[in-house]
Amino acid sequence: MLLITCPVCGNVGDETDFHYGGQAHIRRPASANPGEVSDEAQRDYLYVRLNPKGLHFERWRCDRGCAKWFHMARDTVTMEIKACYGITELPPREIIAQIPPSNPWYGFFDQRQAEPASTAAEPKNAELESTGER
Ligand SMILES: [Zn+2]
């Protein structure tokens, strides 16, 4: 059983009090016109997901508290929750530093950490950007 603390409202509960929402930090391909997005970019956005053994970044929803979405860094082997953080935030730097080179998340946040704070997290529709990182 996972014991989760919502970073938004502080609600503490097991995983049945929350809703798993899949992989975190997925960006929609950058274009105001969907017809300009390549089939490969659209496929990757919709279907291609990381499935690491070890540290993973996920989206969760606080069903029995504030109903807000948030991010979680969790080890898929030990089930240890490393951090819960806001939906517009990047993982804490100390968590990013723990990603081993064998993990597909390795290097994923390098570019985003270098971006200005206003665009480093999940972008708004007008500033969507495809990173092509996997
Ligand atoms: Zn909450």
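Read on for a plain summary of the structure. (Residues numbered from 1 in each chain as written. Predicted model: local features only at pLDDT ≥ 70, side-chain atom pairs only at ≥ 80, totals over all residues. Heavy atoms only, no water.)

**What to know about the pairing of strand 6 (residues 81-86)**
Then, in step 1: Bridge count for strand 5 (residues 69-75) against strand 6 is 5 bridges, and the pairing is antiparallel. Bridge assignment links Met72 to a residue of strand 6, and that residue is Cys84.
Then, in step 2: Taken together, strand 5 and the strand that follows it, strand 6, pair antiparallel across an intervening segment of 5 residues, in which Met79 is found at a positive phi of about 65°. (Pairing = 2+ DSSP bridges. Helix = DSSP H or I, 4+ residues; strand = E, 2+ residues; numbered from the N terminus.)

**A closer look at the environment of Cys84**
Then, in step 1: Mapped onto the secondary structure, Cys84 falls in strand 6.
Then, in step 2: We classify Cys84 as partly exposed; its relative accessible area is 25%.
Then, in step 3: For the pair Cys84 and His71, spaced 13 residues apart in the sequence, the C-alpha separation amounts to 5.6 Å.
Then, in step 4: For Cys84, the residues in contact, after removing those within four places along its chain, are Ile4, Thr5, Pro7, Phe70, His71 and Met72. (Buried < 20%, exposed > 50% of the residue type's maximum accessible area, 1.4 Å probe, protein only. Contact = heavy atoms within 4.5 Å.)

**Description of the nonpolar core**
Then, in step 1: The biggest cluster of nonpolar side chains holds 14 residues, and the ones touching the most others in it are Leu55, Phe57, Ala73, Ile95, Ile99, Trp105 and Phe109.
Then, in step 2: Of all the secondary-structure elements, those providing two or more residues to this core are strand 4 (55-62), strand 6 and helix 2 (93-96).
Then, in step 3: Those residues within four positions of Leu55 in sequence are excluded, and the remaining contacts are Ala73, Arg74, Asp75, Lys82, Ile95, Gln98, Ile99, Asn103 and Trp105. (Core = buried A, V, L, I, M, F, W, Y, C linked by side-chain atoms within 4.5 Å.)

**Brief notes about the coordination of the zinc ion**
Then, in step 1: In this structure, Cys6 (SG), Cys9 (SG), Cys62 (SG) and Cys66 (SG) serve as the protein donors to the zinc ion, at separations of 2.3 to 2.4 Å.
Then, in step 2: Classification of the site at the zinc ion rests on its 4 donor atoms, whose angles at the metal span 106 to 116°, yielding the label tetrahedral.
Then, in step 3: Going along the chain, you hit the donors of the zinc ion in the pattern C-x2-C-x52-C-x3-C. Highlighted residues: Cys6 in the loop between strand 1 (3-5) and strand 2 (12-14) and Cys66 in the loop between strand 4 and strand 5, separated in sequence by 60 residues.
Then, in step 4: Taking the relative accessible area as the measure of exposure, Cys6 reaches 2% and is therefore buried. (Donors = N, O, S within 2.8 Å, 3.2 Å for Na, K, Ca; no water. Tetrahedral: all angles 85-135°; square planar, octahedral: opposite > 155°, others 65-115°.)

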